[in-house]
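Listed here are the chains, written in short residue letters.
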Amino acid sequence: MDANTASIIGMTITTIGTIIVAIISNRTKNHVKDGTAATEELKKELQEVKSEVRETKGEVQVLKGELSENNLETLATDITVALEHHEDDIEPLIELGRKYFKKLGGNSHISKPYAAWAVKHHIDISEFYTEHNNLKLYMENPKLSEKGA
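Residues numbered from 1 in each chain as written. Predicted model: local features only at pLDDT ≥ 70, side-chain atom pairs only at ≥ 80, totals over all residues. Heavy atoms only, no water.

### Structural notes on the packing of aromatic side chains
Point 1. Going through the model one piece at a time under the given rule, you end up with 5 aromatic pairs.
Point 2. Consider the rings of phenylalanine 101 and phenylalanine 128, whose centres lie 6.3 Å apart with planes at 20°: the pair is stacked. Separated by 27 residues along the polypeptide, phenylalanine 101 in helix 3 (residues 90-103) and phenylalanine 128 in the loop between helix 4 (111-120) and helix 5 (135-140) bring together distant segments of the chain.
Point 3. Classification of phenylalanine 101 by relative accessible area gives buried; the value is 1%. (Phe/Tyr/Trp six-rings, centres within 6.5 Å; stacked < 30°, edge-to-face > 60°. Helix = DSSP H or I, 4+ residues; strand = E, 2+ residues; numbered from the N terminus. Buried < 20%, exposed > 50% of the residue type's maximum accessible area, 1.4 Å probe, protein only.)

### Quick notes on the nonpolar core
Point 1. Among the nonpolar cores identified, the biggest contains 21 residues, and Tyr114, Trp117 and Ile125 are the most heavily contacted of them.
Point 2. Breaking this core down by element, the ones donating at least two residues are helix 2 (36-85), helix 3, helix 4 and helix 5.
Point 3. Sequence-distant contacts of tyrosine 114, that is, excluding residues within four places in its chain, are made with Ile79, Leu83, Leu93, Ile94, Gly97, Phe101, Ile125, Phe128 and Leu135.
Point 4. If you look at the next biggest cluster of nonpolar residues, it comprises 5 residues, including Ile24, Leu46, Val49 and Val53. (Core = buried A, V, L, I, M, F, W, Y, C linked by side-chain atoms within 4.5 Å. Contact = heavy atoms within 4.5 Å.)

### Points about the pattern of salt bridges
Point 1. Following the criterion strictly, the structure yields 5 salt bridges and no others.
Point 2. Note that arginine 98 is salt-bridged to glutamate 95, the shortest N-O span being 3.1 Å. Highlighted residues: arginine 98 and glutamate 95, both in helix 3, separated by 3 residues, approximately one helical turn.
Point 3. For arginine 98, a relative accessible area of 29% gives the class partly exposed.
Point 4. One salt bridge in this structure joins glutamate 127 and arginine 98, with 2.9 Å as the shortest N-O distance. With glutamate 127 in the loop between helix 4 and helix 5 and arginine 98 in helix 3, this pair connects stretches of sequence that are 29 residues apart.
Point 5. Sharing partners across several salt bridges, the network here consists of Glu95, Arg98, Lys102 and Glu127. (Salt bridge = Lys/Arg side-chain N within 4 Å of Asp/Glu carboxyl O.)

### Some thoughts on the side chain of histidine 121
Point 1. Mapping histidine 121 onto the fold places it in the loop between helix 4 and helix 5.
Point 2. For histidine 121, a relative accessible area of 19% corresponds to the buried category.
Point 3. Apart from the residues within four sequence positions on either side, histidine 121 is in contact with Glu87, Asp88 and Ile90.

### Focus on the packing of helix 3 against helix 4
Point 1. Direction vectors running N to C along helix 3 and helix 4 enclose 145°, while the axes themselves pass 12 Å from each other. Crossing handedness for the pair helix 3 and helix 4: left-handed. On helix 4, the residues touching Ile90, Leu93, Ile94, Gly97 and Phe101 of helix 3 are Ser111, Tyr114 and Trp117.
Point 2. A per-class count over the contact of helix 3 with helix 4 returns 6 nonpolar, 2 polar and no charged. (Axes fitted to C-alpha atoms, helices over the stretch in contact; angles between N-to-C directions. Left-handed = near helix turned anticlockwise from the far one by under 90°. Nonpolar A, V, L, I, M, F, W, Y, C, P; charged D, E, K, R; others polar.)

### Let's talk about the environment of tyrosine 129
Point 1. On the secondary structure map, tyrosine 129 appears in the loop between helix 4 and helix 5.
Point 2. Separated by 10 residues in the primary sequence, tyrosine 129 and methionine 139 have C-alpha atoms spaced 9.9 Å apart.

### Quick word on the side chain of asparagine 133
Point 1. As for its placement among the helices and strands, asparagine 133 is situated in the loop between helix 4 and helix 5.
Point 2. A polar atom in the side chain of asparagine 133 sits 3.0 Å from the backbone oxygen of phenylalanine 128.
Point 3. At 3.0 Å, the side chain of asparagine 133 and the side chain of threonine 130 are in polar contact.
Point 4. In contact with asparagine 133, other than residues within four places in its own chain, are Phe101, Gly106, Asn107, Ser108, Ser111 and Phe128. (Polar contact = N/O pair within 3.5 Å; in protein donor to acceptor, adjacent residues only side chain to side chain.)

Listed below in structure tokens is the structure:
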């Protein structure tokens, strides 16, 4: 499931909740003539629906967090494979680094091999430096990114 799918699920749930609220509100208007008991019952139903919508929104947030973590792990794997098998494909590797380090906030897990690749190919990756990765350290001290270091 990607971010677009999670967004669609969230919007669908919100839309369904809105439709249910509209139906209940319409019933409330139609049943006002039936008395206060019917109105109170509909208000109770409306509160239950609102509670379910809040609960569903919370579940969607959890799914989004899990999806983000999964995307980060998948991208780390993609970078590792690309570095091992396609190290001369500069632009795709730069784009993978941009997504991993900047867009998704990737950590130091991939910093050492990515920095070694950048040093070897004389690529400026300073735009990817964050407090969550060690790219700057490895770029300023290339010996640290060598295998066995």
